[in-house]
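Residue-level structure breakdown
Okay, here's what each chain looks like letter by letter:
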Amino acid sequence: MSGTILHYYAGGNTARGFHSLYESNLKDLQKLFILKGGPGTGKSSLMKALGRHWENQGYNLECLHCSSDNDSIDGVILTDFNIGIVDGTAPHVIEPRVPGVIEEYINLGEAWDEAKLNENKEQIISLTEEVSTSFSNAYHTFSEALAIHDEWEEIFIENMDFEALNSLTSNLIEKLYTSVKKDKRSRVRHRFLGAATPEGAKDCIPNLTADLEKRYLIKGRPGSGKSTMLKKLARAAEERGLDVEVYHCGFDPNSLDMVIVRELGFAIFDSTAPHEYFPERVGDEIVDVYQIAIKEGTDEKYAKEISEISSRYSAKMKEGTAYLARAKELHDQLENYYVEAMDFDVVANFRDKIQKHVESLVE
């Protein structure tokens, strides 16, 4: 019997640069293996292999996806036993809290032939710099897109009925939590439900909400108060001692896109582009913020302005994605030099060592 896997991102390429939420998801682990090593040293493949093994053993997992490479992962957490393994290299450098007791470094650099790498020293240095420049360009472009998005939001903020929005939020809090109060401290996890990737915007909503009885799909416009409402709902869950998963926006990490309270069996999420979904199963319900809290006729009144802003925003997002794709292309070239210098039998030995260590902890 296979275990279940939750898929999400703990780091993202955002309009505010690379943003890490790793600490929130790793802080309670009792054992954490931190992989070190350059690109192409087999970190993702090692973690995938261990994840498959644990899944086949019937254990439940969390899979942390890589926002810069759609085919790679950045971590696996064995949730049944609070054990994790994570890529601890830049940009998500992981610092140990209790080194040698909880955290253990695994240096995959022991498996490379330094002489072979030095044969291509200039190319490696040049590619590393180009990758860094491409990411910087992507972040700058996404920042420009965010400024345009702010213009878009301003239209709807100026036409917002804040009293109606507050009333909607209060009604949802009453409906979702009723008189629930847990006599425990809330466990809060901050994550990304998706990310800007070299292949465009991706999300994990279907997986994250698969086993929930109730899903609330929020419809609205930029600036119509969706994130503010989600922040209040997350805070209300925490105040009631409920464990809550708080999913940040992969474009602007200061905003929220989803809140999940598994103890009560529900998710409520921003269901607009680029993660637009519609009711497709029993238990799905739309929450239309535009209809409830935005002045009637706003779309029509500002149609010309909205169309122009939307066009500029879309162009900037495509430009930013192109920079991410270029970074991925350059990173692949960089990886090739390391792959050629690696002894993957040594990496396999590290994998077996980790697996045996985990088995001893589980027993």
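See the structure above.
Now for a description of the structure that goes with this document. Just so it is clear, the structure is predicted and the values come from calculations on it, not from any experiment.

This brings us to the state of the cysteines. Two cysteines form a disulfide when their sulfur atoms are joined by a covalent bond. Throughout the structure, instances matching the rule amount to zero disulfides. We note that Cys63 lacks a disulfide partner, and the nearest cysteine sulfur, in Cys204, lies 8.4 Å from it. Cysteine Cys249 is unpaired, with the sulfur of Cys204 as its nearest cysteine sulfur at 14 Å. For Cys249, a relative accessible area of 14% corresponds to the buried category.

With that settled, consider the nonpolar core. Ranked by size, the top nonpolar core spans 59 residues in total, and within it Tyr177, Leu233, Phe251 and Ile268 carry the most contacts. Of all the elements, helix α4 (residues 121–157) adds the most residues to this core, at 13 residues. Counting residues in hydrophobic clusters, the runner-up holds 28 residues, among them Ala10, Ile34, Ile94 and Met258.

Attention now moves to the packing of α4 against helix α10 (residues 303–340). With their axes 8 Å apart at the nearest point, α4 and α10 run at an angle of 165 degrees to one another. Taken together, α4 and α10 sit at an angle that is classed as roughly antiparallel. Handedness of the crossing formed by α4 with α10: left-handed. Looking at side-chain class alone, the contact of α4 with α10 contains 22 nonpolar, 11 polar and eight charged residues.

What follows covers unusual backbone geometry. Ala90 connects to Pro91 through a cis peptide bond whose omega is 10 degrees. By secondary structure assignment, the location of Pro91 is in the loop between β7 (83–87) and β8 (103–107). Here the amide bond leading from Ala273 into Pro274 is cis, since omega sits at 10 degrees, within 30 degrees of zero. Along the chain, Pro274 falls in the loop between β15 (266–270) and β16 (284–288). The phi angle at Asn82 is positive, at roughly 55 degrees, despite the residue not being glycine. On the secondary structure map, Asn82 appears in the loop between β6 (73–78) and β7. Its identity as a non-glycine residue notwithstanding, Thr178 has a phi of 40 degrees, on the positive side. With respect to the helices, strands and loops of the structure, Thr178 is situated in the loop between α5 (162–177) and β9 (188–192).

Following the criterion strictly, the structure yields 26 salt bridges and no others. Among the salt bridges present, the one from Arg191 reaches Glu62, with a minimum N-O distance of 3.1 Å. Of this pair, Arg191 sits in strand β9 while Glu62 sits in strand β5 (residues 61–65), and the two are 129 residues apart along the sequence. One salt bridge in this structure joins Glu130 and Arg326, with 4.0 Å as the shortest N-O distance. One end of the pair, Glu130, is in helix α4; the other, Arg326, is in helix α10, and 196 residues separate them in sequence. Overall, the relative accessible area of 32% leaves Glu130 in the partly exposed class. Relative accessible area serves as the criterion here: at 33%, Arg326 is assigned to the partly exposed category.

This part covers the pairing of strand β2 (residues 11–14). The alternating pattern of β2 places Gly11 and Asn13 and Gly12 and Thr14 on opposite faces, both of which are buried. Where β2 meets strand β3 (residues 17–20), four bridges bridge the pair, whose relative direction is antiparallel. Paired with Gly11 across the strands is Ser20, a residue of β3.

Within the secondary structure layout, Thr141 lies in helix α4. Given the relative accessible area of 2%, Thr141 is considered buried. Between the alpha carbons of Thr141 and Lys316 there is a distance of 6.3 Å; along the sequence they are 175 residues apart. Among residues more than four places away in sequence, those in contact with Thr141 are Lys316, Glu319, Gly320 and Tyr323.

Where α5 meets helix α7 (residues 226–239), the axes come as close as 10 Å, and the angle between the chain directions of the two elements is 35 degrees. The crossing of α5 and α7 is right-handed. Contact residues: Asn166, Leu168, Thr169, Leu172, Ile173, Leu176 and Tyr177 in α5; Met229, Lys232, Leu233, Ala236 and Ala237 in α7. Its residues assigned to classes, the contact of α5 with α7 comprises nine nonpolar, two polar and one charged.

Let us now look at the side chain of Ser186. Within the secondary structure, Ser186 sits in the loop between α5 and β9. Assessed through its relative accessible area of 13%, Ser186 is described here as buried. Looking at Ser186, its side chain comes within polar contact range of the main-chain oxygen of Leu242, at 2.5 Å. Residues in contact with Ser186, not counting those within four places in the same chain, are Glu238, Gly241, Leu242, Asp243 and Val244.

Definitions and limits used
Residues numbered from 1 in each chain as written. Predicted model: local features only at pLDDT ≥ 70, side-chain atom pairs only at ≥ 80, totals over all residues. Heavy atoms only, no water. Disulfide = S-S within 2.5 Å. Buried < 20%, exposed > 50% of the residue type's maximum accessible area, 1.4 Å probe, protein only. Core = buried A, V, L, I, M, F, W, Y, C linked by side-chain atoms within 4.5 Å. Helix = DSSP H or I, 4+ residues; strand = E, 2+ residues; numbered from the N terminus. Axes fitted to C-alpha atoms, helices over the stretch in contact; angles between N-to-C directions. Parallel < 35°, antiparallel > 145°, perpendicular 65-115°, else oblique. Left-handed = near helix turned anticlockwise from the far one by under 90°. Nonpolar A, V, L, I, M, F, W, Y, C, P; charged D, E, K, R; others polar. Salt bridge = Lys/Arg side-chain N within 4 Å of Asp/Glu carboxyl O. Pairing = 2+ DSSP bridges. Contact = heavy atoms within 4.5 Å. Polar contact = N/O pair within 3.5 Å; in protein donor to acceptor, adjacent residues only side chain to side chain.

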